[in-house]
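Fold and geometry: a report
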Amino acid sequence: MAPALLWFRRNLRLCDNAALLAAAEVGNPIIAVYVVDELDTGGASRWWLHHSLLSLDKDLHRLGGSLLLRSGRPETVLGEVASHTGADSLFYARRLEPGARRQEQQVERLLGSQLRIEAFEDGNLNPPTGPMTKSQTPFRVFTPYWRAASALPEPPRPLPVPDALRFAKHDLESRQLGELGLLPTAPDWAGGLRDTWTPGEEGALRRLDDIGSAARHYADERDRPDRDTTSRLSPHLHFGEVSARQVWHALNDAAADPASSVGAAALSRQLYWRDFSAYLLFHYPTLPDKPLRSEFEYFPWSEDSEGLLAWQRGRTGYPIVDAGMRQLWATGWMHNRVRMIVASFLVKDLLLPWQRGADWFLDTLVDADLANNSASWQWVAGCGTDAAPYFRIFNPVLQGKKFDPDGRYVRRWVPELAAMPLKHIHDPWTAPSEIQASCGVVVGENYPAPIVDHGAARMDALAGYQMVRSAMSADSAA
């Protein structure tokens, strides 16, 4: 019997895997393949991918199979594997990024006459083609999208690993995982990632098992970066180590507990924001590069390379911003409230293009999802759909005081300020010199002074927004 190729992509799991289930149902022996390609970018993501592939290969070995690793163009690699093994079918899960969709078109165009190809929408709760507005156009605001999507029939219950999986015997040699260059070379910057995360399906399921506990606290404490009250499932969802259906049903089950119901609903809404981001990218493939509100093409962005570097390194002089950027660098992750704060600072205090921040996040986040990242940066920048108004500008001092009221988050990630009194922890430059000296920190020496005055920067940002409005008015009148 001819083998079936199972092309793993962003579905690096065995449970509730539509492509795997379909291949098993056909009954042909399976050859599991992963192709490292040009889309596997971002230092933190590549680190995660290495360990996720290692975990998947071990899981396949326990079932009597293995993962065939290759690198290159998927249509070329899959064609070569099919020709060598005599495979007559290909099963895979679709991705929504523009580059991934082009890959799929190439695979189907070049291999469609050689293989029976079955592709599955397996990454989200709902396919990206719907729901649509009454006029059959894409929703451009989240809340009506969420209402329409959440009114659809509930996602099907997740399915377990098939009882009977047959794997094909072949003489193809897999690339060694260590040869694929996914891990950092010297210097090894991934120590914090290793200490923080357990990539792979097993780690994802452990997180999922704890989602009821996260739901009990999420509604009240979701904006507190000093407390571990979020699910931390985002990288596992991004790599498909757990399905959105699994998470939805786990939250639905958790909602039966009155203590968890409100938090479970709030977490479930985040799944729909994730779907909405993918939906936007599908319908507006320029989302990662161009503002959805075209008037922002006129915005007078700065090109402050020193400011960008200070932001990336967590050396802006604003403690809540610096804490977030250092957490990101150390762990590959940042609390969502702090993501909004640091993004607002880059765009509206430094007047740097949102694309610069989005690029940095794609390189440093372990959950660097192109759709979610792009939609979220455009939301903060005020140039996307359902966007926060541009004139809504976060004050980093007030945000720190409100969401890190005890200063614990700042003290953890900005240890220079560990001894600073709470009164000054979020604006240490206001501390008298004798207090700074007694705390072992001198602003401007061993902790930076603010690289920009927030009040003045706010006025500059508003002036830039006014230029956008004036330019649009002039275009309309012309």
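Before reading further, recall that the structure is shown in the block above.
The rules behind the values
Residues numbered from 1 in each chain as written. Predicted model: local features only at pLDDT ≥ 70, side-chain atom pairs only at ≥ 80, totals over all residues. Heavy atoms only, no water. Helix = DSSP H or I, 4+ residues; strand = E, 2+ residues; numbered from the N terminus. Rg over C-alpha atoms; globule rule 2.2 N^0.38 Å. Buried < 20%, exposed > 50% of the residue type's maximum accessible area, 1.4 Å probe, protein only. Contact = heavy atoms within 4.5 Å. Areas by Shrake-Rupley, 256 points an atom, 1.4 Å probe, with all protein chains shown as cover. Pairing = 2+ DSSP bridges. Axes fitted to C-alpha atoms, helices over the stretch in contact; angles between N-to-C directions. Parallel < 35°, antiparallel > 145°, perpendicular 65-115°, else oblique. Left-handed = near helix turned anticlockwise from the far one by under 90°. Nonpolar A, V, L, I, M, F, W, Y, C, P; charged D, E, K, R; others polar. Core = buried A, V, L, I, M, F, W, Y, C linked by side-chain atoms within 4.5 Å.

Notes on the overall build of the chain
- Within the chain, the secondary structure is distributed over 20 helices and 5 strands.
- What you see for the chain is a C-alpha radius of gyration of 24 Å, in line with the 23 Å of a compact globule of 478 residues.
- Across its three principal directions, the C-alpha atoms of the chain cover 80 × 60 × 50 Å.
- Burial statistics for the chain: of 478 residues in total, 55% are counted as buried.
- Looking at the chain alone, contacts between residues at least 24 apart form 79% of all its contacts between residues at least 6 apart.
- Element-wise, carbon and sulfur atoms account for 51% of the exposed surface of the chain, whose accessible area totals about 20,500 Å².

Notes on the sheet that holds strand E5 (residues 116-120)
- Within the open sheet, the 5 strands sit side by side as E3-E2-E1-E4-E5. Their pairing is parallel. This sheet does not close on itself; its edge strands, each paired only once, are strand E3 (67-71) and E5. When the angles between neighbouring strand axes are averaged without regard to direction, this sheet yields 25°.
- Two elements, strand E1 (residues 4-8) and strand E2 (residues 30-36), share 5 bridges in a ladder whose sense is parallel. Within the sheet, the bridge partner assigned to Ala 4 lies in E2 and is Ile 30.
- The sheet strands contacting helix H2 (residues 43-62) are E1, E2 and E3, and the helix crosses E3 at an angle near 150°.

As for the packing of helix H13 (residues 319-331) against helix H14 (residues 336-349)
- At a minimum axis distance of 9 Å, the contact between H13 and H14 shows a crossing angle of 115°. As summarised for this structure, H13 and H14 are arranged roughly perpendicular, according to the angle between their axes. As H13 runs across H14, the sense of the crossing is left-handed. From H13, Ile 320, Val 321, Gly 324 and Met 325 reach across to H14, where they touch Val 338, Ile 341, Val 342 and Phe 345.
- Looking at the contact of H13 with H14 residue by residue, the class counts come to 7 nonpolar, 1 polar and no charged.

Some thoughts on the nonpolar core
- Ranked by internal contacts, the top residues of the largest apolar core, which has 52 residues, are Trp 311, Val 321, Phe 361 and Trp 377.
- Among the secondary structure elements, those contributing two or more residues to this core are helix H12 (305-313), H13, H14, helix H15 (354-364), helix H16 (370-381), helix H18 (408-413) and helix H20 (454-477).
- Residues contacting Trp 311, with those up to four places away along its chain left out, are Thr 316, Val 321, Met 325, Val 342, Phe 345, Leu 346, Leu 350, Gly 357, Trp 360, Phe 361 and Trp 377.
- If you look at the next biggest cluster of nonpolar residues, it comprises 35 residues, including Leu 20, Leu 53, Leu 193 and Val 366.

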